[in-house]
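# Overview (structure and organization)
Residues per chain are reported as follows:
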Amino acid sequence: MQIDALMTSLLKILTETAGAQRVIILLNTKGKFFVEAMKESGTEVQLCKIPLDEFINIPFSIIHYIEKTRNVVLLENAFKR
């Protein structure tokens, strides 16, 4: 699928250019958020479809803030915030 190739390329670029340890793509499908893809430094891109409320390794307070404000948030270390 072209969307899978696009997400894979996007995650690789974001990880490299931002120097990020981890990048996650969240998509809103019919009012519910899903983790669609993720990449950690030194690993391959993982394509998935995990409901956000079942994905435990994410700072939910930041996700709720972004959802409410629609602002872009870049953090040095999200778990220290």
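Described below are features of the structure shown in this document. Note that the coordinates shown come from a computational prediction; the quantities given were computed from them, not determined experimentally.

## Concerning the pattern of salt bridges
- Per the counting criterion, the structure on display carries one salt bridge.
- Put simply, K49 and E36 hold a salt bridge, and the shortest N to O gap is 2.9 Å. Linking K49 in strand β3 (residues 46-51) with E36 in strand β2 (residues 32-40), this pair joins segments that are 13 residues apart in sequence.
- Residue classification places E36 among the buried residues on the basis of a relative accessible area of 9%.

## Quick word on unusual backbone geometry
- In this structure, K30 takes a positive phi of about 55° despite not being glycine.
- The class of K30 is exposed, set by a relative accessible area of 86%.
- One non-glycine residue, R70, lies in the positive phi region at around 65°.
- With respect to the element layout, R70 can be found in the segment after α2 (60-69).
- On the basis of relative accessible area, R70 is assigned to the exposed category, the value being 65%.

## Considerations on the nonpolar core
- With eight residues, the main nonpolar core is built from F33, V35, M38, C48, L52, F55, I58 and I63.
- Examining the composition of this core, we find that three residues originate from one element, β2, more than from any other.
- Counting seven residues, the second-largest nonpolar core is a separate cluster that includes L11, A20, A37 and V45.

What counts, and at which threshold
- Residues numbered from 1 in each chain as written.
- Predicted model: local features only at pLDDT ≥ 70, side-chain atom pairs only at ≥ 80, totals over all residues.
- Heavy atoms only, no water.
- Salt bridge = Lys/Arg side-chain N within 4 Å of Asp/Glu carboxyl O.
- Helix = DSSP H or I, 4+ residues; strand = E, 2+ residues; numbered from the N terminus.
- Buried < 20%, exposed > 50% of the residue type's maximum accessible area, 1.4 Å probe, protein only.
- Core = buried A, V, L, I, M, F, W, Y, C linked by side-chain atoms within 4.5 Å.

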